[in-house]
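Chain by chain, the residues run as shown.
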Amino acid sequence: MVAPTSPLAPSPVLAAARRIVVKVGSSLVTNEGRGIDAEAIGTWCRQLAALAREGREVVMVSSGAIAEGMKRLGWATRPTELHELQAAAAVGQMGLAQMYETLLREQGLASAQVLLTHADLADRERYLNARSTLLTLLGLKVIPVINENDTVVTDEIKFGDNDTLGALVANLIEADLLVILTDQPGLYEADPRKVPDAAFVHEAAAGTPELERMAGGAGSAIGRGGMLTKVLAAKRAAGSGASTVIAWGREPDALLRLVRGERIGTLLVAQTAKLAARKQWMADHLQLRGAVVVDEGAAAKLREEGKSLLPIGVVEVQGEFARGDVIAIKAPDGRDIARGLANYASSEARRIARQPSARIAELLGYMNEAELIHRDNLVRV
Ligand code: GLU
């Protein structure tokens, strides 16, 4: 099962990773469906704790709910009916969350359960909500343990076993690295079961079409959690500048060795830097829903210091926009200086404009964030 030793030098991409999403598949988490593998989860939790102590931020995306649910329900074979699979996931998720909670607590770490769907991350407002919750958890040094909300959707049950979810989470929190731990050593140029001497791919550019052919090829069914969904997940993660590692999950200390730059498994390197990817994404939003005009002081801060935009600097709100829409920021002379994701809808922005952030809760009855546009969600034009 062990991947061939890489002839390449340690990777700076790996060593530089500060914010890391680790995705573990069902077969690893449940020891091929035999029930939650406390030992395996324990080894990852120990590594997560060591990474956290080094100041790295880690998010766990874990499958295994269905496999564990089947065991708890006494089902020997995986049902084909989706609603039965969803019921099994609901049963198994209890055990999964409990296991992570216990084992992370043993390491002195608090954990949080986050259940997400692809649709949550496609909706602008929910995207922002999920993002701020996760970033808040990371700021609090809590380890988020994420799974798909299988009760309401079936995307990852049908394909992927959370590979895509892992990539979406990497996009959401702008991770540096997505580590997909699996029961395979990584990607081979051809299916090693059919071509025994197929060459191992140590490193490649994420998103290269050739990789999809190697992983199963166009036209082949996207298996649940097969190599193809992993290669596609790497392509998606690369969209926000995250590189991906696909590695064997039982490799001892895989996570710790990876962040030392050691090459384990296949590294698919993102071709665009994180900031450039985000800027591109904002720049691609040609349809701006509205704009805010800011005073000279705020304009100068945005131009020169790359600060967030606070409501107090806003003198006028133009157009109608929702939380999560991309809007323009204009200087007093009307020139566009930046664009960014609004934390408040236009109706709310009108009420909090020219006001200190400390008054947001009093003016609106609640508070999302202190900034109208956070500097991480803002690009100068
Ligand atoms: N989210 C599901 C789980 O955790 C996907 C895995 C599967 O389809 O078996 O169980």
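Remember, it's a predicted structure, so these values are computed and weren't measured experimentally.

What counts, and at which threshold
Residues numbered from 1 in each chain as written. Predicted model: local features only at pLDDT ≥ 70, side-chain atom pairs only at ≥ 80, totals over all residues. Heavy atoms only, no water. Helix = DSSP H or I, 4+ residues; strand = E, 2+ residues; numbered from the N terminus. Expected span 1.5 Å × (residues − 1). Buried < 20%, exposed > 50% of the residue type's maximum accessible area, 1.4 Å probe, protein only. Polar contact = N/O pair within 3.5 Å; in protein donor to acceptor, adjacent residues only side chain to side chain. Pairing = 2+ DSSP bridges. Phe/Tyr/Trp six-rings, centres within 6.5 Å; stacked < 30°, edge-to-face > 60°. Core = buried A, V, L, I, M, F, W, Y, C linked by side-chain atoms within 4.5 Å. Contact = heavy atoms within 4.5 Å. Axes fitted to C-alpha atoms, helices over the stretch in contact; angles between N-to-C directions. Parallel < 35°, antiparallel > 145°, perpendicular 65-115°, else oblique. Nonpolar A, V, L, I, M, F, W, Y, C, P; charged D, E, K, R; others polar. UniProt positions renumbered as here; feature names shortened; annotations may be inferred.

J.: Would you explain helix H7 (residues 124-139) in this entry?
T.: Because each turn of an α-helix spans 3.6 residues, side chains separated by three or four positions end up pointing in the same direction. Given a rise of 1.5 Å per residue, 16 residues ought to cover 22 Å, and the 22 Å separating the end C-alpha atoms of H7 matches this to within 8%. Three or more residues of H7 are buried, namely Tyr-127, Leu-128, Ala-130, Arg-131, Leu-134, Leu-137 and Leu-138. One side-chain oxygen of the residue at the start of H7 lies 3.1 Å from the amide nitrogen of Glu-125, identifying that residue as Asp-123.

J.: What's the story with the pairing of strand E3 (residues 111-116) in this structure? I'm lost.
T.: The alternating pattern of E3 places Ala-112, Val-114 and Leu-116 on a buried face, while none of Ser-111, Gln-113 and Leu-115, on the opposite face, is buried. Two elements, E3 and strand E4 (residues 143-148), share six bridges in a ladder whose sense is parallel. By the bridge assignment for E4, Leu-116 is matched with Glu-148.

J.: Looking at this model, I keep getting lost on the packing of aromatic side chains. Mind explaining?
T.: Centre distance and the angle of the planes are the two values used to describe a pair of aromatic rings. Counting across every chain of the model gives one aromatic pair. A ring pair is formed by Tyr-188 and Phe-200, whose centres lie 5.0 Å apart and whose planes are at 80°; its orientation type is edge-to-face. Here Phe-200 lies in the loop between strand E5 (177-182) and strand E6 (203-205) and Tyr-188 lies in the loop between E5 and E6, a separation of twelve residues in the sequence. As far as burial versus exposure is concerned, Tyr-188 and Phe-200 are alike and both buried.

J.: What is the right way to look at the nonpolar core in this model?
T.: Nonpolar side chains in soluble globular proteins tend to be buried together. If you look at the biggest cluster of nonpolar residues, it comprises 45 residues, and the most contacted ones within it are Val-22, Trp-44, Tyr-100 and Leu-181. In terms of residue count, the dominant contributor to this core is helix H3 (residues 38-53) (eight residues). Beyond its immediate sequence surroundings of up to four residues, Val-22 is in contact with Leu-48, Val-58, Val-59, Met-60, Val-61, Val-179, Leu-181 and Leu-255. Counting residues in each nonpolar core, the second largest holds 27 residues, with Leu-137, Leu-172, Ile-173 and Ile-180 among its members.

J.: How do you make sense of the packing of helix H9 (residues 163-172) against helix H11 (residues 227-238) when you look at a structure like this?
T.: The geometry of a pair of packed helices is captured by two quantities: the angle between their axes and the separation between those axes. Closest axis-to-axis distance for the H9/H11 pair is 8 Å, and the angle between their directions is 10°. Here H9 lies roughly parallel to H11, going by the angle between them. Between H9, through Asp-163, Thr-164, Ala-167, Leu-168, Ala-170 and Asn-171, and H11, the contact on the second element is made entirely by Thr-229, Lys-230, Ala-233, Arg-236 and Ala-237. Here the contact of H9 with H11 is composed, by residue class, of five nonpolar, three polar and three charged.

J.: I'm lost on the sheet that holds strand E9 (residues 290-294) in this one. Help?
T.: Two strands in a sheet stick together by hydrogen bonds in their backbones, pointing the same way (parallel) or opposite ways (antiparallel). One open sheet accounts for five strands, arranged E10-E9-E11-E12-E13; its pairing is mixed. Edge positions in the sheet fall to strand E10 (314-319) and strand E13 (378-380), since each has one partner strand and no second. When strand polarity is set aside, the average angle formed by the axes of neighbouring strands in this sheet is 25°. Across five bridges, strand E11 (residues 326-330) lies against strand E12 (residues 336-341) in antiparallel orientation. Following the sheet pairing, Val-326 is matched in E12 by Leu-341.

J.: Help me understand the UniProt feature "domain: PUA" (unreviewed entry) in the protein chain in this model?
T.: The feature "domain: PUA" (unreviewed entry), as given by UniProt, occupies residues 290-373 in the numbering adopted here. Each end of residues 290-373 is marked by a C-alpha atom, and these two atoms are 13 Å apart; helix forms 26% of the span and strand 26%.

J.: Looking at this model, I keep getting lost on the side chain of Ser-26. Mind explaining?
T.: Counting through the fold element by element, Ser-26 comes out in helix H2 (residues 26-29). Here the side chain of Ser-26 touches Gly-64 through a polar contact of 3.4 Å, landing on its backbone nitrogen. Here Ser-26 is in contact with Asn-31, Ser-63, Gly-64 and Asp-161, once residues within four sequence places are set aside.

J.: How should the sheet that holds strand E1 (residues 19-24) be read in this particular structure?
T.: Judged by pairing direction, the sheet is mixed, and its eight strands sit side by side in the order E3-E4-E2-E1-E5-E7-E8-E6 without closing on themselves. Whereas interior strands pair on both sides, the edge strands pair on one side only; in this sheet they are E3 and E6. Each neighbouring strand pair of the sheet contributes to a mean axis angle of 20°, computed without reference to strand direction. In terms of strand pairing, E6 meets strand E8 (residues 266-269) through three bridges, oriented parallel. Looking at E8, one finds that Ala-205 is bridged to Val-269.

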